Amino acid sequence: MLGLAAPSNAVLAGAEGVHPGPMSRPQAYARAAALSGLGRKMFFDPALSASGLQACSSCHDPHRAFGPASAGPVEMGGPHMDQPGLRAVPSLRYLQAVPAFTEHFHDSDDEGDESVDNGPTGGLTWDGRADHGQDQARIPLLSPFEMANKDVGEVVAALARAAYADEFKAVFGDAVFDHPDQAFEATVEALGTFEQSAPDFYPYSSRYDAFLAGKATLTASELHGRQLFEDPLKGNCASCHLSEPANDGEPPQFTDFGFLGLGVPRNPAIPANADPNYFDLGLCGPQRSDLKGRSEYCGLFRTPTLRNVALKKSFFHNGYFHSLRDAVAFYASRDSDPGRWYPRNADGTIRQNDDLPKAYWANLNQDPPFGKKPGDKPALTDPEIDDIVAFLGTLTDADQQDQATH
């Protein structure tokens, strides 16, 4: 996708707005190609931010599987690039199969047991509040601590000045910039379409994918790590990070798209956390507002895919951990050795689950490897943790391999 002018066989804007009428399959493909090319240009364009310094790619680096390149728990943005975010930036890879958010998810009959209610599932962002890529694209464009445009009109004015403005009009109509609301809808549609580009966002090119296809081998350590990852009495990681192909043959997504409460330690490096009364409660707020007051959802965050996880420099929604090994070790000994992870009060007692009010502790996951008592033997030994980390390294896509060594 080079973002050239719209193909001659594309059906472009309709007479009444930016969306075309009925299309043939070739026309639909041609329009998708034109949208993706436009979306690519916008994705890398810092002029679409109030500061003129921040593009989508500033936080979603294509050389880091469209995740952040920095190790900071949050990114800086705003009109003067001095406003901190509230959460760690997630990768945009492998979001193409995420279902729309629902409070009651039942597996389809080709993937699991339809009778089981898996609870809140789906949606994008850490709290699932955006159902589609174009819904998610609205958030950073208008967020005061991200690209910080004051309104849709400011985004559209920047687009009208862009070098690709004529291309935008070729796809969405000559008068598109005269209607800012329609032009903004066109903008997020193009960004969402680009983020459905398979070579960029879901190549399935990791060594593990090649292994599943019988075209690569894993080391003894990686194979043992896979076994531990899938063992329900050891790592039990695959209970949420599905590692086997679906019944229809679709490659594993390494997520069940669900939500869990993990009790990750509070991160003092996030400026918002300087307020002792501020808590990021995930599904029940404050960034998501429609489930406010649903106490059973407080402290739950979306289970991300583990594909390309070895490239990350910060882990979990608050970026508390900065090594993959520590993230795995936290699972193994959160409950058996809480003093390793949580701070201590002045009297020496452990301030366990310090980023979640006690009223919501019942929401924390207790499935293995959790659920142990302090002093119990941890679910995983140090060598076993090393093997799981080695296995997770096999999930790095081929185009990201040189980044995996940096």
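Procedures and definitions
- Residues numbered from 1 in each chain as written.
- Predicted model: local features only at pLDDT ≥ 70, side-chain atom pairs only at ≥ 80, totals over all residues.
- Heavy atoms only, no water.
- Helix = DSSP H or I, 4+ residues; strand = E, 2+ residues; numbered from the N terminus.
- Buried < 20%, exposed > 50% of the residue type's maximum accessible area, 1.4 Å probe, protein only.
- Phe/Tyr/Trp six-rings, centres within 6.5 Å; stacked < 30°, edge-to-face > 60°.

Peer 1: Mind showing me how you'd approach unusual backbone geometry here?
Peer 2: Most peptide bonds are trans, and most residues other than glycine sit at a negative phi. At the junction of glycine 285 and proline 286, the peptide bond is cis and its omega measures out at 5 degrees in the coordinates. Its location among the elements puts proline 286 in the loop between β3 (259–260) and β4 (301–302). The omega torsion of the bond from proline 368 to proline 369 falls at 10 degrees, within 30 degrees of zero and hence cis. Among the structural elements, proline 369 can be located in the loop between α10 (324–333) and α11 (382–392). A positive phi is found at methionine 81, a non-glycine position, where the angle reads about 55 degrees. Mapping methionine 81 onto the fold places it in the loop between β1 (76–77) and β2 (83–84). Note on methionine 81: relative accessible area 27%, which makes it partly exposed. Phi at tyrosine 204 is positive, roughly 50 degrees, even though this residue is not glycine. One can find tyrosine 204 in the loop between α7 (198–201) and α8 (207–212).

Peer 1: I would appreciate a short explanation of the packing of aromatic side chains in the present structure.
Peer 2: Taken as a whole and judged by the stated rule, the model has 26 aromatic pairs. Both rings, one in phenylalanine 321 and one in phenylalanine 330, keep their centres 5.3 Å apart while their planes meet at 45 degrees; by these two values the pair is tilted. Of the two residues, phenylalanine 321 and phenylalanine 330, both sit in the buried class. Ring geometry for phenylalanine 330 against tyrosine 342: centres 6.5 Å apart, planes inclined by 70 degrees, an arrangement best described as edge-to-face. You can see phenylalanine 330 sitting in helix α10 and its partner tyrosine 342 sitting in the loop between α10 and α11, a full 12 residues away along the chain.

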